[in-house]
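An overview of the molecular structure
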Amino acid sequence: MEILPTFFLFFLFIYLVAYFRVFRNWDPKHRAGASSCFISLTHGTPAVFMAIHALTNTQSLAFDSPNSLSHNTVLEFSISYFLLDLLHYIVFLPSETLFILHHLATLYVFFTCRFIVHHGSFSLLVLLILAEVTSFCQNVWTIAGIRRADLPVAGKVFDVLSLPFYAFYTVVRGIIGPFFVYKMGAFYMKDENSIPTWAWVSWMIVIVTAILVSIVWVFDHWIDWFRRRNYQAMKKVS
């Protein structure tokens, strides 16, 4: 438990720096959202490399293998981030129910794996990699989207990133993610394993729901992208 408060204080420091320094000249209604993206940037890509390092230095890579020390470190790193970002939404954006529920569900899975079950971190770290590998692109795209209405360069960045970001997100969240979750579920249902039934069933419910929400989210953005493309094409013709 000693490293968890340290990580939390680290993300709190980054959030405060972003809010009071990096985005101090932004409109108050956008500062909090941009600061949330900023701490997501400091979590996402580092979490990917930390998880890869933890997995490549682990001998047992089964869906029910015991958590290693390095696995637990990555879990606590992510728990700290999601705790702080959850507080951000509760304080600044309490109406964002979907994000609050997502963070609560993610914290439930990570916390039970780390502090109660002590097994199964392999599958969660792989899913963490798949979830956060798009983080850098997504956060830059989001920050650009916040300012695209009043800052032309932000609008250009948003437009340039949209297509590759949607494509990358679709492949990771819509193809690779579901395939891995299928393999994970098949293992838990078929074999005797070290994960209690209540744990893996609840984990699967949370993970499958998150995958479905991600697919719906990117599908909606694809529709919006094609509408904007058609509108721009019609403007050129006219």
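Everything here concerns the structure above.
Residues numbered from 1 in each chain as written. Predicted model: local features only at pLDDT ≥ 70, side-chain atom pairs only at ≥ 80, totals over all residues. Heavy atoms only, no water.

1. A word on the packing of helix H5 (residues 121–132) against helix H7 (residues 152–190)
For the pair H5 and H7, the least separation of the axes is 10 Å and the interaxial angle reads 170°. Overall, the two elements H5 and H7 adopt an arrangement that is roughly antiparallel. For the pair H5 and H7, the contacting residues are Phe-122, Ser-123, Val-126, Leu-127, Leu-130 and Ala-131 in the first and Val-172, Arg-173, Ile-176, Gly-177, Phe-180, Val-181, Met-184 and Tyr-188 in the second. (Axes fitted to C-alpha atoms, helices over the stretch in contact; angles between N-to-C directions. Helix = DSSP H or I, 4+ residues; strand = E, 2+ residues; numbered from the N terminus. Parallel < 35°, antiparallel > 145°, perpendicular 65-115°, else oblique. Contact = heavy atoms within 4.5 Å.)

2. Points about the environment of Ile-116
Tracing the sequence through the fold places Ile-116 in helix H4 (residues 97–117). Looking at Ile-116, the relative accessible area reads 48%, which means it is partly exposed. Once the C-alpha coordinates of Ile-116 and Ala-199 are considered, the two residues, 83 residues apart in sequence, prove to be 9.5 Å apart. Residues in contact with Ile-116, not counting those within four places in the same chain, are Phe-111 and Trp-198. (Buried < 20%, exposed > 50% of the residue type's maximum accessible area, 1.4 Å probe, protein only.)

3. Side note on the nonpolar core
Grouped together as the largest cluster of nonpolar side chains are 51 residues, with contacts concentrated most on Phe-110, Leu-125, Tyr-188, Trp-203 and Ile-207. Those elements giving two or more residues to this core turn out to be helix H1 (3–22), helix H2 (28–56), helix H3 (69–92), H4, H5, H7 and helix H8 (197–237). At nine residues, H3 tops the list of elements feeding residues into this core. Residue contacts for Leu-125: discarding those within four places in its chain leaves Ala-51, Ala-54, Leu-55, His-71, Val-74 and Leu-75. Formed by 11 residues, the second largest nonpolar core is a distinct cluster that contains Cys-137, Trp-141, Leu-161 and Trp-222. (Core = buried A, V, L, I, M, F, W, Y, C linked by side-chain atoms within 4.5 Å.)

4. Quick word on the pattern of salt bridges
Under the criterion given, the structure shown has four salt bridges. Between Arg-114 and Glu-76 there is a salt bridge, with its nearest N and O atoms 2.8 Å apart. Here Arg-114 is found in helix H4, whereas its partner Glu-76 is found in helix H3, with 38 residues between them in sequence. Judged by relative accessible area, which is 3%, Glu-76 ranks as buried. Of the charged contacts, one joins Arg-147 and Asp-150 as a salt bridge, the two residues approaching to 2.9 Å between their closest N and O atoms. Looking at Arg-147, the relative accessible area reads 16%, which means it is buried. (Salt bridge = Lys/Arg side-chain N within 4 Å of Asp/Glu carboxyl O.)

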